[in-house]
Amino acid sequence: MNEYYFRTEDLAVGYNGQTLIHDIAISIKAGEILTLIGPNGSGKSTILKSITKHLSTIRGDSFIADASVSAMSYKELSRKLAVVLTERIRGELLTCYDVVATGRYPYTSTLGLLSKEDREKVYRAMERVHARELAEKDFAAISDGQRQRILLARAICQEPEIIVLDEPTSFLDIRHKLELLSILRSMAKEKGITVIMSLHEIDLAQKISDKILCVRGETIEHFGTPDEIFCEEIINGLYGIENGSYNITFGSVELPRPKGTPKTFVISGCGSGIDVFRRLQKEDIPFYAGILYENDVDYQVARHLASEVFAEEPFAPISDAVYEKALAAMKQCENVILAKVPIREQNRRIKDLIDTARSIGLLKEGGDTELLSGV
């Protein structure tokens with residue numbers, strides 16, 4: 001018995017006999033969440049459709065608890081695996097209840113009649129995704145976000161061991177994105193259901209997933225835990241990010257730093273400078289930042305947006321070398337923006353920097369970038 005509940009072996013996928021991606025190696029345990037990330041058109045949907053038998057594989061196979069997916073009948077597979085794909089289903093003359101109820105068909109007789117227990121499971125599934133009030137509404141008339149919740153309810157109603165979802169958050173607002181992912185997380189951890197999905201929101205993928213599959217090109221670029229995958233080098237390379245950068249600390253993408261010779265110097269600390277940095281970036285004003293400690297949250301943003309950051313090692317007194325470099329850069333500027341900075345013994349030389357800026361008439365206190373109009 002293999003320790004992994006779901007795995008692939010020598011899997012290659014594509015269309016019309018032409019291989020798009022080969023050597024796909026996936027291995028996850030029951031109750032884990034695997035998320036596929038990568039640029040548009042990289043083949044994430046093709047992989048998902050292939051492991052669910054919506055597409056024929058070019059080579060290899062997938063296994064659920066060591067049972068070959070290719071050898072399973074569609075009815076056998078439907079009792080183990082539920083699918084929510086991006087394609088719109090035709091729901092003319094069907095209520096939302098009717099659509100969710102199709103999730104019970106793998107368990108019904110040839111006539112497809114629902115028992116009382118089946119009907120109760122339909123309603124429970126709809127309640128689970130906060131869609132009970134949609135039961136009698138026309139499925140074709142509801143919004144994209146509501147439709148996504150109904151399709152998830154159908155998958156839950158199917159009582160699968162694995163749920164496969166292709167971009168399930170695409171049409172949802174932030175509240176319903178979080179609700180949906182919370183539902184999937186609780187299903188995985190409380191009921192041991194394995195979740196395989198693709199997401200565009202890499203910040204959410206980082207937070208919810210147990211394993212990440214990076215899809216780009218003809219082979220899988222990376223497969224591992226979020227801690228292994230979410231670093232600036234891998235994410236920047238995966239998406240080909242050139243105008244901007246991936247901020248590992250915040251799990252977000254930063255826009256490109258302003259170009260040009262800085263005439264503005266920002267003194268901040270403990271998060272007080274982040275709004276200032278981003279405002280300057282929006283105004284396309286190049287700037288220096290410092291003196292920051294490398295474990296300061298301001299540093300994690302400034303290193304992406306500032307032309308240069310004057311930084312010191314964590315918990316160390318500010319050295320002469322760092323101070324003199326920051327002072328020289330500041331004296332070349334026309335404006336010094338002071339955000340709130342707690343001054344302690346270790347960073348007391350920042351007060352010297354502030355006093356110098358004030359004495360030569362450069363200081364703008366309170367992080368007020370409105371004062372930089374026209375710079």
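Everything that follows concerns the structure shown earlier in this document.
So, a few notes on the structure that sits alongside this text. (Residues numbered from 1 in each chain as written. Predicted model: local features only at pLDDT ≥ 70, side-chain atom pairs only at ≥ 80, totals over all residues. Heavy atoms only, no water.)

**Remarks on the packing of helix α5 (residues 144-157) against helix α6 (residues 174-191)**
Next up, step 1: Axis separation between α5 and α6 bottoms out at 12 Å; the angle between their running directions is 10°. As the angle between them shows, α5 and α6 are arranged roughly parallel. Across the interface between the two elements, Arg149, Leu152 and Ile156 from α5 touch His176, Leu180, Ile183, Leu184 and Met187 from α6.
Next up, step 2: Split by residue class, the contact of α5 with α6 holds 6 nonpolar, 1 polar and 1 charged. (Axes fitted to C-alpha atoms, helices over the stretch in contact; angles between N-to-C directions. Helix = DSSP H or I, 4+ residues; strand = E, 2+ residues; numbered from the N terminus. Parallel < 35°, antiparallel > 145°, perpendicular 65-115°, else oblique. Contact = heavy atoms within 4.5 Å. Nonpolar A, V, L, I, M, F, W, Y, C, P; charged D, E, K, R; others polar.)

**Let's talk about the environment of Gln148**
Next up, step 1: Structurally, Gln148 can be placed in helix α5.
Next up, step 2: Since its relative accessible area comes to 7%, Gln148 is described here as buried.
Next up, step 3: Here Gln148 is in contact with Glu167, Pro168, Thr169, Phe171 and Leu172, once residues within four sequence places are set aside. (Buried < 20%, exposed > 50% of the residue type's maximum accessible area, 1.4 Å probe, protein only.)

**Some details on unusual backbone geometry**
Next up, step 1: Residue Ile291 is reached from Gly290 by a cis peptide bond, and omega for that bond is -10°.
Next up, step 2: Mapped onto the elements of the fold, Ile291 is located in strand β15 (residues 287-293).
Next up, step 3: With phi around 60°, Cys270 is a residue other than glycine that occupies positive phi space.
Next up, step 4: Along the chain, the position of Cys270 falls in the loop between β14 (264-267) and α10 (274-282).
Next up, step 5: Phi is positive for Phe315, close to 70°, though the residue is something other than glycine.
Next up, step 6: Mapped onto the fold, Phe315 is located in the loop between β16 (308-312) and α12 (320-331).

**So, the packing of aromatic side chains**
By convention here, two paired aromatic rings are described through the distance between centres and the angle between planes.
Next up, step 1: Considering all chains together, one arrives at 6 aromatic pairs under this definition.
Next up, step 2: Seen from their ring centres, Tyr97 and Tyr123 are 5.1 Å apart, and the 40° between their planes marks the pair as tilted. With Tyr97 in helix α3 (residues 96-101) and Tyr123 in helix α4 (residues 116-128), the pair connects residues that are 26 residues apart, well separated along the chain.
Next up, step 3: A relative accessible area of 25% means that Tyr123 is categorised as partly exposed.
Next up, step 4: Consider the rings of Phe265 and Tyr288, whose centres lie 6.2 Å apart with planes at 45°: the pair is tilted. Residue Phe265 is found in strand β14, and its partner Tyr288 is found in strand β15; the two are separated by 23 residues along the sequence.
Next up, step 5: An aromatic cluster of three or more residues is present, and its members are Phe265, Tyr288 and Phe310.
Next up, step 6: The ring of Tyr74 has Lys53 lying over it, and the distance from NZ or CZ to the ring centre is 4.7 Å.
Next up, step 7: The aromatic ring of Phe139 is capped on one face by Arg147, whose charged end is 5.3 Å from the ring centroid. (Phe/Tyr/Trp six-rings, centres within 6.5 Å; stacked < 30°, edge-to-face > 60°. Lys NZ or Arg CZ within 6 Å of the ring centre and 35° of its normal.)

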